[in-house]
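Next come the chains, spelled out residue by residue.
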Number of protein chains: 2
Amino acid sequence: MVKYSGGALLPTLGIDRDSSTPIAAQLTSAIRDAILSGALAAGQRLPSSRTLARDQNVSRTTAIAVFDQLTAEGLITSRVGDGAYVSDALTAHRPSMTTAAGAGDRVLPQPAHLARVTQGASGQYLTRLVHPVQPRAFVTGTPAYEAFPVALWARLTARYWRESRGLVLGYPEPSGLMALRKALSAHLRANRGVVCEPEEIFIVNGAQEAFNRIGSILLNPGDPVWFENPGAIGARNSLISCGARLVSVPIDREGIDVAAGLRAAPDFRLAFVTPSHQHPTGVTMSLERRFELLNAADQAGAWIVEDDYDGEFFYTGRPLPTLKSVDKAGRVIYVGTFSKSLFPALRLGFLVAPPGLAEVFDRIAGATLQGAPSNQQAVVASFIEEGHFASHIRRMRKLYSERQEVLLDCAGQRLSGLLDVVRSESGIQTVGTLVGPLDEQEVTEAAAARGVIVAPINRFCLEPVAMKGLALGFSACPPREIRAGVTILAEVLDRLASTSGGERISARRRE
Amino acid sequence: MVKYSGGALLPTLGIDRDSSTPIAAQLTSAIRDAILSGALAAGQRLPSSRTLARDQNVSRTTAIAVFDQLTAEGLITSRVGDGAYVSDALTAHRPSMTTAAGAGDRVLPQPAHLARVTQGASGQYLTRLVHPVQPRAFVTGTPAYEAFPVALWARLTARYWRESRGLVLGYPEPSGLMALRKALSAHLRANRGVVCEPEEIFIVNGAQEAFNRIGSILLNPGDPVWFENPGAIGARNSLISCGARLVSVPIDREGIDVAAGLRAAPDFRLAFVTPSHQHPTGVTMSLERRFELLNAADQAGAWIVEDDYDGEFFYTGRPLPTLKSVDKAGRVIYVGTFSKSLFPALRLGFLVAPPGLAEVFDRIAGATLQGAPSNQQAVVASFIEEGHFASHIRRMRKLYSERQEVLLDCAGQRLSGLLDVVRSESGIQTVGTLVGPLDEQEVTEAAAARGVIVAPINRFCLEPVAMKGLALGFSACPPREIRAGVTILAEVLDRLASTSGGERISARRRE
């Protein structure tokens, strides 16, 4: 550093004459930083423009431009006949500057001043399952990436970018691209028995976003919400974030136990359910139970969120009608996702609101949303309209059915007496019930150590359940990897069973 | 219809023998619909499978399969030796079935049972501006679509789809693609003086979504929030939706009037500001005012949301540092968008949280978000990394600067004395001050009738302001259309001025 005769200590300014940034801009920036960091204190006198020019080996014009800019920014003040000073105004208003640990250091704030619901929720979140980039046995929630028609998708995408600029670059419709809402309306009617107008369908950035929106629009902090136990982790976290007081309602062989829900919270404001394929137990809600639930919601004036996350995939005849398709009282909000039927990176989902609520959603979307990306929506709309979606789902239904058979077959041979894998009527995952004294968590960790992913049922629980088992995805991997996964699982279970007591081993039926 | 000897009236079942849907499925579906719609009442006896087979001209096996499926669904019950009946259980639980206007009719619910904040907000929303698909003079918030490198974008997109499947199809990172966060961190440092770690940047589905998230995470219902008057409509609606009690704070020539804010609500919990280019007045917040605001927030323990929506575009030397870059106390959440710097259909924005808050945001994103679409994020990351972003912004800065000059030039010639168009130092829009008795709304409607879009300042107001003017975008259209727009505006203003009183006309300076 050099002490200037006519001004303050000026830090080394480090000009790079090869840079494309003009020298004046570099000098301005360096002096600004020195002032803002406190290295140049308020009231300090700066060298004259003549001195600055000489010492930095720049033209006088450049030096004057630098001072002009800094003056315009309010960082320095010039007094006629008395040169330039670092502005006094700054220090007076610079917050915490003097108490900061040092110039350039960051003062970490307390992460206080959060909303009460945020503070309340953060202690209750369950950790979501991790989805590895490379699918492995028996990861859940993951479609068969290797079977997705990426080349076709890329072609539709390339075609899209040749459309008119205003269309592909401009603002999307807040409630969703009408072409996609129309395509979905036809698809849902034909495939899920959901009869709705395109205007009742809202395109969102994934089902998770649907839960966030639904919760924030419908729930007051503390509102009782029926939630399946065990149940879906992401939806649970979203509803908690909106202030929901979750009421744990057990799952039996017919799905959510409506009578138990009514005993626990007859004044429930919303019920979150997965009727087609309970997450994670795989139970299909019986038709009788569906009407019980609709009736209960009607009586309580409650909303029902029907999460149909993998209902497109069913393996035994015609599936039961969705709650939405038998809801005459307008209580059901149906939520769908393209994460399983297409791919998760797309981040597109949708909700179907009952007519009265659809008007509310539309108004709120118009006021507070800008919609999902146009390209994503338009390509999905084409994919549906041109029949690729229906045929992809048909192909995947066959593929996933075969993969489940491989899993059931191998599990029957290798895991019998240790892990009873249940046949699922639909969806892309199932459960295995742990037999004997084996511990869910122990099995999960031992399997993970060997590269096999299973999810313990208790991960999904608000309250402990009697069931002891593992969620097993069967969609992500080809048969070879499913077989290899079962082999590893068999070895892990064998080892754990043999160390957990001989008397149980004898109970095991070996084929 | 035919009355069956051994069973209930069965509606015509309408089988289509040319359909690809199996006949059993068609029959099942038709009977299911008849039951669910109430056309077949609970307890009614169905024809025997033999009768059904004969009358519908299907095989006995098919008829039995139909009954099996309906029994499995719980829609019918079979009593040994007594045939099949429509299940009693259904009607008991079928909600509102008897009170419905008729089978198949929809019962419209009251759109009640909304959250209190939703009910409170819906009366306060301001209507957002409409952005036409084909850009027109003087639409705001719209970049130059015709100057966007669509071909380059399509090439980067096509290249992206050739990457590994797990990467392009799998779940994105909830807080954002790390490659994009890193690219943004470098970009923000070099271009906006914002020094932050990639981990403090959160990628969201557009700035609008950032406001929704920030509001829901930080605000309790009723919390006082300083809001610029006039101010941004979308942000306003989002904060209201989160329960904010907006406190209208006036704008003067230095930006938000901090002293007025402190008088109105010293206990403010959050302040929403647009320092680089006040929306919609175009005022740049002075440096001194910036420090006043930071100081006030620090004292009140309040957060500041800095919406830097079009700050990339500046026309006079170096811009003032952002609030974020001089915030030493960790109060500022910086929000950026790609809607203006790239294009709106992309639906990508980001927020930069102070370190302590970043941890909170990360935790909440991990629990309740699934992130923005991978393809959008990855293509933007490449666009930045490969230097296209910086050069696009440079080109657009030049283009928009030229377009503003055209607007100022034409306006000076044609609108003088009627509408004084202000030179904006930055951004993609400016304002024109209406001179004399002309009415904002009247001018807006008359211009719209001739295809020219302007936005009256009062559209953006929480409380009436003295200023009477129009927001004018200058980025969307080429010079020819800007000139044509000014000509039309001149004719409209001339006509309105001449009908609103001769004494004002004489005050007009004609060149």
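See the structure above.
About the cut-offs
Going along each chain's sequence as written, the residues are numbered from 1 onward. All chains are assigned letters beginning with A, and all ligands numbers beginning with 1, in the order in which they are written. Thresholds applied to this predicted model are a pLDDT of at least 70 for local features of residues and 80 or more for the giving and counting of side-chain atom pairs; totals over whole chains, interfaces and linings are not thresholded and use all residues. Note that the side-chain values use all heavy atoms of the structure and ignore hydrogens as well as water. A pair of sulfur atoms, both from cysteines and within 2.5 Å, is called a disulfide here. In DSSP terms, a helix is any run of H or I states spanning at least four residues, a strand is any run of E spanning at least two, and both are numbered starting from the N terminus. Distance and chemistry together define a polar contact, namely a pair of N or O atoms within 3.5 Å, with one atom able to donate a hydrogen and the other to accept it when in protein, and with adjacent residues in sequence counting only for side-chain atoms on both sides. In this analysis, two residues are considered to be in contact whenever any of their non-hydrogen atoms come within 4.5 Å of each other. For the least-squares superposition of copies, only C-alpha atoms count, and only for residues with pLDDT at least 70 in both. Exposure above 30% relative accessible area and the lack of any salt bridge qualify a residue for a patch; like charges then connect within 9 Å, and the nonpolar side chains Val, Leu, Ile, Met, Phe, Trp and Tyr within 5 Å. Accessible surface is estimated by sampling points in the Shrake-Rupley manner with a 1.4 Å probe; for residues, cover comes only from the protein chains shown. Here, a salt bridge means any Lys or Arg side-chain nitrogen found within 4 Å of an Asp or Glu carboxyl oxygen. Think of it this way: Lys and Arg go in the positive column, Asp and Glu in the negative one, and His and the chain ends go nowhere. The atoms used to mark charge sites are NZ of Lys, CZ of Arg, CG of Asp and CD of Glu. We define buried area as the total accessible area lost by two parts upon association, computed with a 1.4 Å probe and summed across both. If DSSP finds at least two bridges between two strands, the strands pair. Only the stretch in contact is used when a helix axis is fitted, and all axes are lines through C-alpha atoms; the angle between N-to-C directions ranges over 0 to 180 degrees. Throughout this description, any angle smaller than 35 degrees is read as roughly parallel, any larger than 145 degrees as roughly antiparallel, any in the 65 to 115 degree range as roughly perpendicular, and the remainder as oblique. Residue type decides the class: Asp, Glu, Lys and Arg count as charged, Ala, Val, Leu, Ile, Met, Phe, Trp, Tyr, Cys and Pro as nonpolar, and the leftover types, Gly among them, as polar. A pair of Phe, Tyr and Trp rings is counted when the ring centres sit within 6.5 Å of each other, with Trp represented by its six-membered ring. The angle between the planes then sorts it: under 30 degrees is stacked, over 60 is edge-to-face, the rest tilted. Partly exposed describes any residue whose relative accessible area lies between the buried limit of under 20% and the exposed limit of over 50%, with all areas from a 1.4 Å probe on protein chains only and scaled to the type maximum.

Visitor: Summarise the state of the cysteines; cite the residues concerned and give the values.
Guide: Formally, a disulfide is one covalent bond, and it connects the sulfur atom of one cysteine to the sulfur atom of another. In the structure shown here, the tally under the stated rule is 0 disulfides over all chains. For the unlinked cysteine B:Cys410, the closest cysteine sulfur is that of B:Cys477, found at 13 Å.

Visitor: I'd like a description of unusual backbone geometry, backed by residues and values.
Guide: The step from A:His279 to A:Pro280 runs through a cis peptide bond, and the omega angle for that step is 10 degrees. Topologically, A:Pro280 is positioned in the loop between strand E7 (270–273) and helix H12 (287–300). Residue B:Pro230 is reached from B:Asn229 by a cis peptide bond, and omega for that bond is 0 degrees. Within the secondary structure, B:Pro230 is located in the loop between strand E4 (224–229) and helix H10 (233–241). Although it is not a glycine, B:Asn57 adopts a positive phi angle of roughly 55 degrees. Its location among the elements puts B:Asn57 in the loop between helix H2 (49–56) and helix H3 (60–72). In this structure, B:Arg347 is a non-glycine residue whose phi angle is positive, near 50 degrees. Checked against the element boundaries, B:Arg347 lands in the loop between strand E9 (332–337) and strand E10 (349–352).

Visitor: Residues and numbers for the environment of A:Met396, please.
Guide: Among the structural elements, A:Met396 can be located in helix H15 (residues 388–414). Residues A:Met396 and A:Thr62, spaced 334 residues apart in sequence, show a C-alpha to C-alpha distance of 68 Å.

Visitor: Tell me what's going on with the side chain of B:Arg289, and back it up with residues and numbers.
Guide: Residue and element names in this part refer to chain B. Along the chain, Arg289 turns up in helix H12 (residues 287–300). Side-chain polar atoms of Arg289 contact the backbone oxygen of Ile256, separated by 2.7 Å. When sequence neighbours within four positions are dropped, the list of residues in contact with Arg289 reads Asp252, Glu254, Gly255, Ile256, Asp257 and Val258.

Visitor: Help me get a handle on the relation of the copies chain A and chain B, residues and values and all.
Guide: Once chain A is rotated about the relating axis by 180 degrees and shifted along it by 0.2 Å, it coincides with chain B to within an RMSD of 0.2 Å. Taken together, the rotation angle and the small translation identify this as a two-fold axis. Closest approach to the rotation axis among the C-alpha atoms of chain A is made by A:Ala158, whose C-alpha sits 3.4 Å away. Most of the interface of chain A is mirrored in chain B, where 100% of its interface residues are also at the interface.

Visitor: Run through a negative patch on the surface, naming residues and quoting values.
Guide: Together, A:Glu197, A:Glu199, A:Glu359 and A:Asp362 make up a region of like negative charge exposed at the surface. Structurally, A:Glu359 is set in helix H13 (residues 355–368).

Visitor: If you had to explain the interface of chain A and chain B to someone new, which residues and values would you point to?
Guide: Contacts between the two partners involve 115 residues from chain A and, on the opposite side, 116 residues from chain B. Between chain A and chain B lies a buried interface of about 9800 Å² when both sides are counted; carbon and sulfur atoms form 59% of it. When residues of chain A are sorted by the area they lose upon contact with chain B, A:Leu169, A:Tyr171 and A:Lys328 head the list and together hold 8% of the total. Inspection of the region where chain A meets chain B yields 0 salt bridges. Between chain A and chain B we count 34 residue pairs in polar contact (both at pLDDT 80 or more) in total.

Visitor: Tell me about the sheet that holds strand E14 (residues 469–473) of chain A, and please be specific about residues and values.
Guide: All names here are of chain A. With antiparallel pairing, the 4 strands of this open sheet are ordered in space as E11-E12-E14-E13. Each edge of the sheet is formed by a strand with only one pairing partner; in this case those strands are strand E11 (419–421) and strand E13 (455–456). For strand E12 (residues 429–434) and E14, the ladder comprises 5 bridges, and the chain directions are antiparallel. If you follow Thr430 over to E14, its bridge partner there is Leu472.

Visitor: Which residues make up the packing of helix H14 (residues 374–385) of chain A against H15(A), and what values go with them?
Guide: Between two packed helices, what matters for the description is the angle formed by their axes and the separation of those axes. Residue and element names in this part refer to chain A. Running from amino to carboxyl end, H14 crosses H15 at an angle of 75 degrees, the nearest separation of the two axes being 4 Å. Considered as vectors, H14 and H15 are oriented roughly perpendicular to each other. Between H14 and H15, the contacting residues are Ser382, Phe383 and Ile384 on the first element and His388, Phe389 and His392 on the second. The class makeup of the residues in the contact of H14 with H15 is 3 nonpolar, 3 polar and no charged.

Visitor: How would you sum up the packing of aromatic side chains? Please name residues and give values.
Guide: Going through the model one piece at a time under the given rule, you end up with 32 aromatic pairs over all chains. Judged by centre distance (5.8 Å) and plane angle (65 degrees), the rings of A:Phe338 and A:Phe389 are edge-to-face. One end of the pair, A:Phe338, is in the loop between strand E9 (332–337) and strand E10 (349–352); the other, A:Phe389, is in helix H15, with 51 residues separating them in the sequence. Under the relative-accessibility criterion, A:Phe338 is labelled buried at 1%. With a centroid separation of 5.4 Å and 75 degrees between ring planes, the pair formed by B:Tyr160 and B:Trp161 is classed as edge-to-face.

The values reported here are purely geometric and, on their own, carry no functional implication.
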